[in-house]
Amino acid sequence: GAVVSQHPSWVICKSGTSVKIECRSLDFQATTMFWYRQFPKQSLMLMATSNEGSKATYEQGVEKDKFLINHASLTLSTLTVTSAHPEDSSFYICSAPRDVTDTQYFGPGTRLTVL
Amino acid sequence: GENVEQHPSTLSVQEGDSAVIKCTYSDSASNYFPWYKQELGKGPQLIIDIRSNVGEKKDQRIAVTLNKTAKHFSLHITETQPEDSAVYFCAASTIGTSGSRLTFGEGTQLTVNP
């Protein structure tokens, strides 16, 4: 069964509003989680690394003030898209390494549509 | 940083045939190579992985081979079935550094024709 969950699975919002996406590891603790963005027919683009108890590490070109990440506990990381615009519409996916062997499991993704 | 190239970008086979997808990586420090299957509208699903201390790994109809010297690894699917149709991504990582950050290839759209 799924070991990483995401909520919501899809969301539609108006331009200018903020949207929060949750990523949970279901049966293991994850001190690190990763957030990706994927456009249609493209590969996964790493946005940021979420670290429990400390600040997230953002990839070059990703606006940290626009994509707020909070790793509040060992099983939960959240991504908030602030002041969303149509160009933020995308498929957002999180992942987490399960154990010290670092096998990474992905969530089912969240489809964000900004009108 | 690491760069992963994946070929082909599309692959069409007849049911029952074999499919092979190849990836090359640039960073000799990479030591972990997973393969993911992604169906439309879903998150990637890990199907098999290999670590640099082995050259081949097999799980039923799926196998992965690794050539560390040449820095390339391949996914082999035998006896393909229509349900194997999906996008497949290879990835590379250095376990123990950078929080196990994965670098992905561009993906291969596999179509298995019945």
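The structure reproduced in this document is the subject of the present report. Every residue gets a number counted from 1 within its own chain, in the order that chain's sequence is written. Just so you know, chain letters begin at A and ligand numbers begin at 1, following the order they were written in. Thresholds applied to this predicted model are a pLDDT of at least 70 for local features of residues and 80 or more for the giving and counting of side-chain atom pairs; totals over whole chains, interfaces and linings are not thresholded and use all residues. In computing side-chain properties, one takes all heavy atoms of the structure into account and sets aside hydrogens as well as water.

The next point concerns the interface of chain B and chain A. Taken together, the 20 residues of chain B in the interface contact 21 residues of chain A. Carbon and sulfur atoms make up 53% of the surface buried where chain B meets chain A, a total of about 1,500 Å² over both sides. Note on definitions: salt bridges are taken to be side-chain nitrogens of Lys or Arg within 4 Å of carboxyl oxygens of Asp or Glu. For the pair chain B and chain A, the interface holds one salt bridge. Of all the elements in the fold, those that place two or more residues in the side of chain B that touches chain A are β4 (32-38) and β5 (45-51) of chain B. Looking at the side of chain B that touches chain A residue by residue, the class counts come to eight nonpolar, seven polar and five charged. Residues count as neighbours in contact if any of their non-hydrogen atoms are within 4.5 Å of one another. By definition, the buried area sums, over both parts, the 1.4 Å-probe accessible area that each loses when the two are put together. Where helices and strands are cited, they refer to DSSP runs of H or I of at least four residues and of E of at least two residues respectively, numbered from the N terminus. Here the nonpolar group is Ala, Val, Leu, Ile, Met, Phe, Trp, Tyr, Cys and Pro; Asp, Glu, Lys and Arg are the charged ones; every other residue, Gly included, is treated as polar.

With that out of the way, let us pick up the packing of aromatic side chains. Pairing of aromatic rings covers Phe, Tyr and Trp, the last counted by its six-membered ring, and requires centre-to-centre distances within 6.5 Å; plane angles under 30 degrees mean stacked, over 60 mean edge-to-face, and any other angle means tilted. Applying the stated criterion across every chain, the model contains eleven aromatic pairs over all chains. Their ring planes at 45° and their centres at 5.4 Å tell us that Y36(A) and F106(A) sit as a pair that is tilted. Within this pair, whereas Y36(A) is found in strand β4 (residues 32-38), its partner F106(A) is found in strand β10 (residues 104-106), the two being separated by 70 residues in sequence. Exposed residues in this analysis have more than 50% of their type's maximum accessible area, buried residues have under 20%, and partly exposed residues fall in between, with area computed by a 1.4 Å probe over protein chains only. Judged by relative accessible area, which is 1%, Y36(A) ranks as buried. On the basis of an interplanar angle of 45° and a centroid distance of 6.4 Å, the ring pair of F67(A) and Y92(A) is categorised as tilted. Highlighted residues: F67(A) in strand β7 (residues 67-73) and Y92(A) in strand β9 (residues 90-97), separated in sequence by 25 residues. Across the pair, exposure class does not vary: F67(A) and Y92(A) are buried alike. Of the aromatic side chains, those joined through ring pairs into one cluster are Y36(A), F106(A), Y36(B), F89(B) and F104(B).

Turning to the pattern of salt bridges, a few remarks are in order. Residue and element names in this part refer to chain B. Within the structure shown, the criterion is met by seven salt bridges over all chains. In this structure, E39 engages K37 in a salt bridge whose closest nitrogen and oxygen atoms are separated by 3.7 Å. Accessibility expressed as a relative area gives 31% for E39, which makes it partly exposed. A relative accessible area of 13% means that K37 is categorised as buried. Between R61 and D84 there is a salt bridge; the shortest N-O distance is 2.9 Å. Separated by 23 residues along the polypeptide, R61 in the loop between β6 (56-59) and β7 (62-67) and D84 in the loop between β8 (72-77) and β9 (86-92) bring together distant segments of the chain. By sharing partners, the salt bridges in this structure join K37, E39 and K42 into a single network.

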